[in-house]
Amino acid sequence: MSERLKWCFANRLDPDGEPWTDEAVAVWVTKHQGVPLSYSFVRALRTGQKTNASWPVLSAMSEAFGVPLQFWSSSVVAEAIMGGAEMDADLAAELSRLARSNPAELAAALELASRLLGQLPPNV
């Protein structure tokens, strides 16, 4: 959880184009998603002092950071998003579109791709 949240802080900007802060995330989630969230809880998640958040908090933070809900629970989805900078721009855009429109389909496609890549010989 902490690693993924730190990645969001380092790689996503708030709606004004500024880096997110613990307080900004808490205010945005509370105001725009209607989920009460304190900046101290956001900081505790980011620093690893807390390791679990409720589904409503995770869902609201997904909206804030523009990541699918599965980002928090699926290593396949998280790795695909966190490694997106190394990905072809068209593929990254398609995965982003799919994440917003049909996250379950994205998770299934990434799982299949992961299994297929596991079957390839090294250095391919």
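## Things to note about the nonpolar core
Ranked by size, the top nonpolar core spans 33 residues in total, and within it Val25, Val29, Leu37, Met61, Phe65, Phe71 and Trp72 carry the most contacts. Secondary structure elements with two or more residues in this core: helix 1 (2-11), helix 2 (22-33), helix 3 (39-47), helix 4 (55-65), helix 5 (75-82), helix 6 (89-101) and helix 7 (103-118). Top contributing element to this core by residue count: helix 4, with six residues. Dropping the residues within four chain positions of it, Leu37 is found in contact with Val25, Ala26, Val29, Thr30, Val42, Val57 and Met61.

## Description of the confidence of the model for the chain
For the chain, mean pLDDT is 84; residues scoring 70 or higher make up 85% of the total. Looking across the chain, the model is least confident in helix 6, with a mean pLDDT of 70, and most confident in helix 3, with 97.

Calculation rules
Within every chain, residues take consecutive numbers counted from 1 along the sequence as written. It should be noted that, the model being predicted, local features are given only for residues of pLDDT at least 70 and side-chain atom pairs only at 80 or more, the latter also being counted only at that level, while totals for whole chains, interfaces and linings use all residues. With hydrogens and water set aside, each side-chain value is computed from the structure's full complement of heavy atoms. Only buried Ala, Val, Leu, Ile, Met, Phe, Trp, Tyr and Cys residues count toward a nonpolar core, and they belong to the same one when joined by side-chain atoms within 4.5 Å. Throughout this description, buried means an accessible area under 20% of the type-specific maximum (1.4 Å probe, protein chains only), exposed means over 50%, and partly exposed covers the range between. To qualify as a helix, a DSSP run of H or I must reach at least 4 residues; to qualify as a strand, a run of E must reach at least 2; elements of each kind are numbered from the N terminus. Note on definitions: a residue-residue contact is assigned when non-hydrogen atoms from the two residues lie within 4.5 Å. A score between 0 and 100, pLDDT records how confident the predictor is in each residue.

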